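# Topology and contacts: notes
Residues per chain, in single letters:
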Amino acid sequence: MAISRLRFLLHQQLQKYTSSLRHLSYSNRSFCSASNLRSYFQRIGFIGLGNMGSRMANNLIEDGYNLTVHDVDHNAMKIFSERGILTKESPFEVADSSDVLITMLPSSNHVLDVYTGRNGLLSHGNTLGPWLFIDSSTIDPQMSRKLSATIADCSLKRKRDGFEVPAMLDAPVSGGVLAAQAGTLTFMVGGLEEAYVAAKPLFLSMGKSTIYCGGAGNGSAAKICNNLAMAVSMLGVSEALALGQKLGIAASTLTKIFNSSSARCWSSDTYNPVPGVMDGVPASRNYDGGFASKLMAKDLNLAAESAKEVGLEFPLTSQAEKIFTQLCNDGHGMKDFSCVFRHYYPGNDEL
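Residues numbered from 1 in each chain as written. Predicted model: local features only at pLDDT ≥ 70, side-chain atom pairs only at ≥ 80, totals over all residues. Heavy atoms only, no water.

Here the focus is the environment of Arg55. Note on placement: Arg55 falls in helix 3 (residues 53–62). Here Arg55 falls in the partly exposed class, since its relative accessible area comes to 24%. Remark: the alpha-carbon pair of Arg55 and Ala180, spanning 125 residues in sequence, is separated by 5.6 Å. Look past the residues within four positions of Arg55 in its chain and what remains in contact with it is Val177, Ala180 and Gln181. (Helix = DSSP H or I, 4+ residues; strand = E, 2+ residues; numbered from the N terminus. Buried < 20%, exposed > 50% of the residue type's maximum accessible area, 1.4 Å probe, protein only. Contact = heavy atoms within 4.5 Å.)

Right, dumping it as structure tokens:
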């Protein structure tokens with residue numbers, strides 16, 4: 001009943017958000033024309049300068065955007081301040097000097113704290129400076145929808161042609177640290193479509209592709225579904241390669257077979273988990289870097305909880321969550337998630 005009530009309230013708030021824009025003509029809402037687009041992105045705030053966020057922020061800077069940044073880690077901010085990038089001591093201070101605000105944070109709790117905590121983005125009333133909020137964190141889709149509805153209930157300090165209320169996009173990414181560095185991320189975006197279209201230049205400064213997923217929370221939903229499939233795929237490939245080696249087939253040979261047949265997938269042809277099979281992947285450097293196992297465990301928990309909310313039973317999701325949680329409990333939380341191969345199948349490295 002509580003979940004149903006929450007969904008009803010969120011639906012009401014989202015309807016209010018959409019109706020506030022309906023009276024505007026489409027020509028007025030087409031604010032993303034080449035002549036005035038840049039004026040909507042003169043000042044970009046970026047919160048979250050970890051492995052992913054710092055690289056995404058760098059790409060925006062290199063593309064000519066004027067950034068103001070914040071992170072709870074002062075050393076992370078120092079790296080930017082030494083380059084002449086403006087830093088602020090709180091999320092609210094960043095928002096107060098930004099047209100667009102981007103967050104890239106580890107979890108739902110971190111996002112909630114940045115938005116609603118002390119000196120958070122929403123801590124000084126419901127009149128906001130940024131016209132657009134973009135959250136690229138991987139969080140609970142219901143949390144994304146709740147925040148989007150909350151943002152829609154606010155007003156703007158500075159009116160924008162085509163926008164009377166601020167908008168929010170949930171825009172998690174796929175590709176990992178290497179793609180963040182290279183600017184080749186894929187963005188999965190939920191929220192108001194006009195805001196998505198307007199924000200596309202920002203996304204393409206940090207990534208190679210964007211996919212519009214529909215309404216608020218759909219980007220977050222797409223991301224946890226993607227990571228669920230990725231985790232189960234990695235486990236399947238790891239088990240198959242370990243079995244093949246025990247049966248006398250070299251992992252490199254079996255990988256060639258996989259990649260030329262129906263077993264081909266990202267975990268076999270791009271991110272192989274067996275040390276010695278592929279260069280440039282975490283398995284080739286003792287599983288350092290890449291996508292941390294603790295983050296995979298967190299995302300699988302989000303998937304499992306989402307499945308429960310909609311009344312589905314997913315045994316593979318549950319088992320994968322248990323495996324990656326145990327991996328973290330055994331001290332491998334900071335290792336790339338492909339280390340599940342080494343942990344569960346020791347002694348199977350390619351020679």
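A word on unusual backbone geometry. Positive phi values are uncommon outside glycine, yet Asn286 reaches one of about 60 degrees. In this structure, Asn286 sits in the loop between helix 12 (266–269) and helix 13 (293–309). One non-glycine residue, Tyr287, lies in the positive phi region at around 65 degrees.

Keep in mind that low pLDDT regions are not for reading the predicted coordinates in detail. On average, the chain scores 88 in pLDDT, and the residues at 70 or more come to 87%. Between residues 1–35, whose pLDDT stays under 50, and residues either more than four places distant or in other chains, the model counts 49 contacts. (pLDDT = per-residue confidence, 0-100.)

With that settled, consider the pattern of salt bridges. What the rule picks out here adds up to seven salt bridges. A salt bridge links Asp288 to Lys335; the nearest nitrogen and oxygen atoms lie 2.7 Å apart. Here Asp288, found in the loop between helix 12 and helix 13, pairs with Lys335, found in the loop between helix 14 (315–332) and helix 15 (340–344); they are 47 residues apart in sequence, far enough to count as distant. With its nearest N and O atoms 3.7 Å apart, the salt bridge here joins Lys308 to Glu305. With Lys308 and Glu305 both in helix 13, this residue pair falls three residues apart, about one helical turn. Taking the relative accessible area as the measure of exposure, Lys308 reaches 60% and is therefore exposed. (Salt bridge = Lys/Arg side-chain N within 4 Å of Asp/Glu carboxyl O.)

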